[in-house]
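The primary structure of each chain is shown beneath.
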Amino acid sequence: RPRVLSGIQPTADSFHLGNYLGALRHWVALQEDYDAFYFIPDLHAITVSFDPATVHDRTYRAAAQLLAVGLDPRRSTLFVQSHVPEHAELAWVLNCITGFGEARRMTQFKDKSAKGGVEAASVGLFTYPVLMAADVLLYQADGVPVGEDQRQHLELTRDLAQRFNSRYGDTFTVPEPFIVKDTAKILDLQDPTIKMSKSASSPKGILEILEEPRSAAKKIRSAVTDSDGEVRFDAADKPGVSNLLSIYSALTGRGVEEIAAQYAGQGYGAFKVDLSEVVSDFVTPLRARTQELLEDKGELDLVLRDGAARAREVASKTLRDVYDRVGFVRAS
Ligand code: ATP
Ligand code: MG
């Protein structure tokens, strides 16, 4: 079976609908036909300012949500990045074959360092895409299911794999991006010109997958639309309404045209009320299951321990090859 690998950062108490629709639901579907590796990148989570107790708590919360949305640890390998030290070790080697200018062209660094300025940003944030390349290449993944926002990082991953292979001998599988076109990007409810993001969006711009239904309804009611009053999909001229239509469509499996037709001549009120209902039906069981998993961490610890052991079997073999190829003497 071909192998896929993907990760989601523990940078919020809850994942959001962009994460679910752009990534997690595909992860669940891919378990059927792929040898899937899914991990929680805690090393990535500390590239921006962080609080240790929060990182700890959110790592468990992330694991619980991954199980709640339907990842099955018997079929997929589910682990925490720092439990597999090979990630940091391979990242170092890749850092040494990455050009400074090449790393500087990564737009996420520009975006994420914009607030505090480049001078205040960490070197870890700068080299984040290289660590991500290590994550993927360690497992010889054939495909990487990610949202549109990760396309540039995946291009770097491919470049580094090809560069290493041609300089030091065939070592890495060059991965393909699996970017799902429809609902590829869910937008911020308050500013539909930017993507919904755990760390960059304001709370009112995010719909969490663990959101309390009444709070979700409130956010949907105040979501930015336009003054034209017609429920219609037009991503360029009506980004707010189109974003709500995308969410409605993805959560119900109905087409955007069909949904738009249902609200013809009704304005945005009824549409938003019904969307709140759809979101409520989605979040309610997820909230219950996540809560249950977090009450006793024993089950989560077992799942993560088993996942890390399986991940290390693959990762340690790749790292050994890499070390051999670059000429490191094996420890005797
Ligand atoms: P952060 O702000 O901490 O970077 P994030 O919301 O961007 O958080 P990530 O953990 O970086 O989330 O990404 C997890 C997965 O979710 C990735 O595959 C990413 O492509 C996808 N993703 C993130 N935001 C969106 C979005 N708005 N629409 C679709 N997919 C998204
Ligand atoms: Mg992100």
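No experiment lies behind these values; they were computed from the predicted model shown.

A. Highlighting unusual backbone geometry. Located in the positive-phi region is glutamine 140, a residue other than glycine, with phi close to 55°. Structurally, glutamine 140 is set in the loop between helix H8 (128-138) and strand E4 (143-145).

B. Up close: the site of ligand 1. In the neighbourhood of ligand 1, 21 residues make up the surrounding shell, with Gly147, Asp149, Lys195, Lys198 and Ser199 lying closest. One nitrogen or oxygen atom from the side chain of serine 197 is found 2.7 Å from an oxygen atom belonging to ligand 1. The contact in question runs from an oxygen atom of ligand 1 to an N or O atom on the side chain of lysine 198, over 2.7 Å. Here the shell around ligand 1 takes four residues from helix H1 (residues 17-30), the largest share from any one element. Residues that form the shell around ligand 1 fall into these classes: six nonpolar, ten polar and five charged.

C. Looking closely at the pairing of strand E1 (residues 3-7). Taken across its five residues, E1 has four buried, putting it largely inside the fold. Alignment of E1 against strand E2 (residues 35-40), held across five bridges, turns out to be parallel. Within the sheet, the bridge partner assigned to valine 4 lies in E2 and is alanine 36. Since E1 and E2 lie parallel, the crossover through H1 that links them has a hand, and here it is right-handed.

D. A look at the nonpolar core. Counting residues in hydrophobic clusters, the biggest one holds 57 residues, and the most contacted among them are Leu66 and Ile209. The biggest single contributor to this core is helix H13 (residues 267-295), with ten residues. Counting 36 residues, the second largest nonpolar core, distinct from the first, contains Leu5, Met106, Ala134 and Ile179.

E. Spotlight on the pattern of salt bridges. Within this structure, the stated rule accounts for 21 salt bridges. Of the charged contacts in the structure, one is a salt bridge between aspartate 228 and arginine 232, with a shortest N-O distance of 3.9 Å. Given a relative accessible area of 42%, aspartate 228 falls into the partly exposed group. A network of salt bridges, in which partner residues are shared, links Asp226, Asp228, Glu230, Arg232, Asp234 and Lys238.

F. Structural detail: helix H3 (residues 52-68). Under the 1.5 Å per step criterion, the end-to-end length of H3 is 24 Å for 17 residues, consistent within 8% with the ideal 24 Å. The set of residues buried in H3 consists of Val55, Thr59, Tyr60, Ala62, Ala63, Ala64, Gln65, Leu66, Leu67 and Ala68. Where the residues of H3 are buried, they touch H1, E2, helix H2 (42-45), strand E3 (77-80), H13 and helix H14 (298-325). Just beyond H3, the residue with positive phi is glycine 70, at close to 120°.

G. Molecular detail of the pairing of E2. Among the six residues in E2, six count as buried, and that is most of the element. Examined bridge by bridge, E2 and E3 share four bridges and lie parallel to one another. Counted as the bridge partner of phenylalanine 39 is phenylalanine 79 from E3.

H. Seen up close, the packing of H8 against helix H9 (residues 151-168). Closest axis-to-axis distance for the H8/H9 pair is 9 Å, and the angle between their directions is 65°. For the crossing formed where H8 meets H9, the hand is right-handed. Here H8 contributes Tyr128, Pro129, Val130, Met132, Ala133, Val136 and Leu137 to the contact with H9, which in turn contributes His153, Leu154, Leu156, Thr157, Leu160 and Ala161. By residue class, the composition of the contact of H8 with H9 is eleven nonpolar, two polar and no charged.

Cut-offs used in this document
- Residues numbered from 1 in each chain as written.
- Chains lettered and ligands numbered in written order.
- Predicted model: local features only at pLDDT ≥ 70, side-chain atom pairs only at ≥ 80, totals over all residues.
- Heavy atoms only, no water.
- Helix = DSSP H or I, 4+ residues; strand = E, 2+ residues; numbered from the N terminus.
- Near = heavy atom within 4 Å.
- Polar contact = N/O pair within 3.5 Å; in protein donor to acceptor, adjacent residues only side chain to side chain.
- Nonpolar A, V, L, I, M, F, W, Y, C, P; charged D, E, K, R; others polar.
- Buried < 20%, exposed > 50% of the residue type's maximum accessible area, 1.4 Å probe, protein only.
- Pairing = 2+ DSSP bridges.
- Right-handed = clockwise from strand over helix to strand, strands pointing away.
- Core = buried A, V, L, I, M, F, W, Y, C linked by side-chain atoms within 4.5 Å.
- Salt bridge = Lys/Arg side-chain N within 4 Å of Asp/Glu carboxyl O.
- Expected span 1.5 Å × (residues − 1).
- Contact = heavy atoms within 4.5 Å.
- Axes fitted to C-alpha atoms, helices over the stretch in contact; angles between N-to-C directions.
- Left-handed = near helix turned anticlockwise from the far one by under 90°.

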